[in-house]
Amino acid sequence: MPLNCGIVGLPNVGKSTIFNALTRSAQALAANYPFATIEPNIGEVPVPDERLPVLARLVATQKIVPATVRFVDIAGLVRGANEGEGLGNAFLSHIRETDAIAMVLRCFEDDNVTHVEGHPDPRRDAEIVAIELALADLATLRRRLPKLEREVRANPKLREYLAAAQRLAAALEEARPARAFPQSSLEAEVSADSFLLTAKPMLYVANVGETQADGDAQVGIVREIARAEGGRAVVLSGKVEAELAALSDSEAAEFRRELGMERTGLDELAAAAYDLLGLMTFLTAGEKEARAWPIARGTKAPQAAGTIHSDIERGFIRAEIVSFEDYVRYRTMEDLRAAGRVRSEGRDYVMQEGDVVNFRFNV
């Protein structure tokens, strides 16, 4: 199954508007009342990659296939979700199935769009979501701890694992997320074994009004929240992005120029989610297509070949690697070979971002 990023937040913060703009669809109901979204909506979103059109011109192909990231629009959360308030149980079960979280925080005022807490306050709203997720995780651990204690009595070697679970529970009681522990820690192992919600990587999305700037005080709060976690914040206007998504490519480009936007907020969100999921890209270029292939960081060449076709992985001989910069400079494989810029890599080669690859394999 492909990795996916869940779009979460309180009701009426703009999750479905952003999702519909991302997917250029109207499959998610965007309405001015809580819980307009009940069942999660799922969409594949292209990841912007300026290298692909360049490769397409060099190999004279009209077909470009970008990498994609999967987004899931999840029902809004309210206080008490961990105890089943609102659509709490559904919210928690749906988010448990995601690999990362994009938390949308409302940073705009609009009397025509109600707010479940009375008025927008991104710090308060982020705390509500964080606390509900932490309480849900704490309930999970509290159910698990008695079993671990019994297992330790039978197998004392598990004592350190139990201690890590107890430290994790103590952190959650203080509303500290499981992802605060290093990936190499025993606490992270406990988190993974327990499928904890707060272990998932988090991206913060500041949904601003049409005329708000990046320097707005509420945007500053969202950036501060992300910075405190060592995370990332994306700023966009769901309303503007929805208007752009409804236009043709040429009309959208003109509208962006009028707004002074070099890149849409949705492009930044897709790229940030792609990175948050631990994904990177290798490229292929030929007469049929120029294509970006998503793989997990640290993937070796045979497994990368398997993303194209399982037969290529099974029959893998070697990977012929060219850097994108060299491809642009020398323009043809013949000139690249003549210049000695084509590397031959074997089974242990770890793929690098932007590798342009031709896999050699036995049929």
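Keep in mind that what you see is a predicted model, and the values were worked out from it rather than measured.

Student: Where do I start with the pairing of strand β5 (residues 100-106) in this structure?
Tutor: The side chains of a regular strand alternate between the sheet's two faces. Most of β5 sits inside the fold, with 7 of its 7 residues counted as buried. Going residue by residue along β5, you find A100, A102, V104 and R106 tucked away on one face and I101, M103 and L105 tucked away on the opposite face as well. Here 4 bridges tie strand β1 (residues 4-8) to β5, and the two strands are oriented parallel to one another. When the bridges of β5 are listed, C5 appears paired with A100. Looking at chain direction, β5 and strand β6 (residues 202-207) are connected through 6 bridges and run parallel. Paired with I101 across the strands is M202, a residue of β6.

Student: Can you help me understand the nonpolar core in this one?
Tutor: Of all hydrophobic cores here, the largest spans 68 residues; its most connected members are V69, F71, Y204 and L269. In contact with V69, other than residues within four places in its own chain, are G43, E44, V45, V47, A270, A273, Y274 and L277. Among the nonpolar cores identified, the runner-up in size contains 18 residues, and L138, A164, A165 and F181 belong to it.

Student: I tried to follow unusual backbone geometry on my own but got confused; where do I start?
Tutor: What you tend to see is this: most non-glycine residues have negative phi, and most peptide bonds are trans. The backbone phi angle of A60 is positive, close to 55°, even though this residue is not glycine. Position of A60 relative to the elements: it lies in the loop between α2 (51-59) and β3 (64-65). For A60, a relative accessible area of 63% puts it in the exposed group. Of note in the backbone geometry, A175 takes a positive phi value of approximately 65° without being a glycine.

Student: Please explain helix α1 (residues 15-23) as it appears in this structure.
Tutor: Since the α-helix advances by 3.6 residues per turn, residues separated by three or four positions end up pointing in the same direction. Counting buried positions over the 9 residues of α1 gives 8, a clear majority of the element. Buried within α1 are the following residues: K15, S16, I18, F19, N20, A21, L22 and T23. Of the residues trailing α1, R24 is marked for its positive phi of about 50°.

Student: How do you make sense of the sheet that holds β6 when you look at a structure like this?
Tutor: As summarised here, the arrangement of the 6 strands in space is β2-β4-β1-β5-β6-β7, forming an open sheet in which the pairing is mixed. The open sheet has two edge strands with one neighbour each: β2 (41-46) and β7 (232-236). With strand direction ignored, the average angle separating the axes of adjacent strands in the sheet is 25°. Sitting on the sheet, helix α7 (residues 217-228) touches β5, β6 and β7, and the angle it makes with β7 is about 155°.

Student: Where do I start with the packing of helix α4 (residues 122-154) against α7 in this structure?
Tutor: Two quantities define a packed helix pair, namely the angle between the helix axes and the distance between the axes. One can describe the packing of α4 onto α7 by two numbers: an axis separation of 9 Å at closest approach and a directional angle of 35°. Residues P122, R123 and A126 of α4 touch α7, and the partners they reach there are Q218, I221, V222, E224 and I225. Looking at the contact of α4 with α7, its residues break down into 5 nonpolar, 1 polar and 2 charged.

Student: What exactly am I supposed to notice about the pattern of salt bridges here?
Tutor: Pairing is possible between side chains that carry opposite charge, provided their charged atoms lie close to one another. Taken as a whole and judged by the stated rule, the model has 21 salt bridges. One salt bridge connects R51 with D49, and the closest N-O pair in it is separated by 2.8 Å. You'll find R51 and D49 in the same group, each marked buried. Of the charged contacts in the structure, one is a salt bridge between R142 and E173, with a shortest N-O distance of 3.1 Å. Taken together, the residues R142 in helix α4 and E173 in helix α5 (residues 159-173) connect sequence positions 31 residues apart.

Student: How should the packing of aromatic side chains be read in this particular structure?
Tutor: In this description, an aromatic ring pair is defined by two values, namely the gap between the centres and the angle between the planes. Under the definition given, this model contains 3 aromatic pairs. Look at F282 and F359: their rings are 5.8 Å apart centre to centre, the planes differ by 90°, and that puts the pair in the edge-to-face class. Taken as a pair, F282 in strand β8 (residues 279-285) and F359 in strand β12 (residues 356-361) lie far apart in primary sequence, 77 residues in all. Take F359: its relative accessible area is 8%, and that puts it in the buried class. In this structure an aromatic cluster arises from ring pairing among F282, W293, F316 and F359.

Student: Would you mind going over the pairing of β7 with me for this structure?
Tutor: The buried count for β7 comes to 4 of 5 residues, which makes it a mostly enclosed element. Across 5 bridges, β6 lies against β7 in parallel orientation. Note that in β7 the partner of V205 across the bridge is V234.

Student: Would you mind showing me how to read the environment of R232 here?
Tutor: On the secondary structure map, R232 appears in strand β7. Along the sequence, R232 and L276 sit 44 residues apart, while their C-alpha atoms lie 9.0 Å from each other. With residues up to four places along the chain from it excluded, the contact list for R232 reads L203, Y204, A226, E268 and A272.

Student: Just to check I follow, could you spell out the packing of α4 against α5 for this structure?
Tutor: Direction vectors running N to C along α4 and α5 enclose 155°, while the axes themselves pass 9 Å from each other. By the criterion of interaxial angle, the relationship of α4 to α5 is roughly antiparallel. Between α4 and α5 lies a crossing of left-handed hand. Contacts from A134, D137, L138, L141, R142, R144, L145, L148, E149 and V152 in α4 reach R159, Y161, L162, A165, Q166, L168, A169, L172 and E173 in α5. Residues that form the contact of α4 with α5 fall into these classes: 12 nonpolar, 1 polar and 6 charged.

Student: Where do I start with the side chain of T140 in this structure?
Tutor: Summarising the element assignment, T140 is placed in helix α4. In this structure T140 touches R96, S194 and L196, once residues within four positions along its chain are discounted.

Definitions and cut-offs
- What you see as residue numbers is a count from 1 along each chain, following the sequence as written.
- Only residues with pLDDT of at least 70 get local features here, since the model is predicted, and only at 80 or more are side-chain atom pairs given and counted; chain-wide, interface and lining totals rely on the full set of residues.
- Neither water nor hydrogens contribute to the side-chain values; these are computed over all heavy atoms in the structure.
- Classification of residues uses two cut-offs on accessible area relative to the type maximum, computed with a 1.4 Å probe and protein chains only: under 20% is buried, over 50% is exposed, and between them is partly exposed.
- The numbering of helices and of strands both runs from the N terminus, where a helix is a DSSP run of H or I of at least 4 residues and a strand a run of E of at least 2.
- Note: two strands are recorded as paired if DSSP finds a minimum of 2 bridges between them.
- As used here, the term nonpolar core means buried Ala, Val, Leu, Ile, Met, Phe, Trp, Tyr and Cys residues forming a set that is joined through side-chain atoms within 4.5 Å.
- By definition in these notes, contact holds between two residues if any of their heavy atoms fall within 4.5 Å.
- Axis lines are fitted through C-alpha atoms, for helices just across the contact stretch, and the angle between N-to-C directions can take any value from 0 to 180 degrees.
- Lys, Arg, Asp and Glu make up the charged group, whereas Ala, Val, Leu, Ile, Met, Phe, Trp, Tyr, Cys and Pro make up the nonpolar group; the residues left over, Gly among them, are polar.
- Should a side-chain nitrogen of Lys or Arg be within 4 Å of a carboxyl oxygen of Asp or Glu, the pair is scored as a salt bridge.
- Stacked, edge-to-face and tilted labels apply to pairs of Phe, Tyr and Trp rings (six-membered ring for Trp) whose centres lie within 6.5 Å, assigned for plane angles under 30 degrees, over 60, and everything in between, in that order.
- Any angle that is under 35 degrees is reported as roughly parallel, and any over 145 degrees as roughly antiparallel; angles of 65 to 115 degrees are reported as roughly perpendicular and all others as oblique.
- Crossings are assigned a handedness: left-handed for a near helix turned anticlockwise from the far helix by less than a right angle, right-handed for a clockwise turn.

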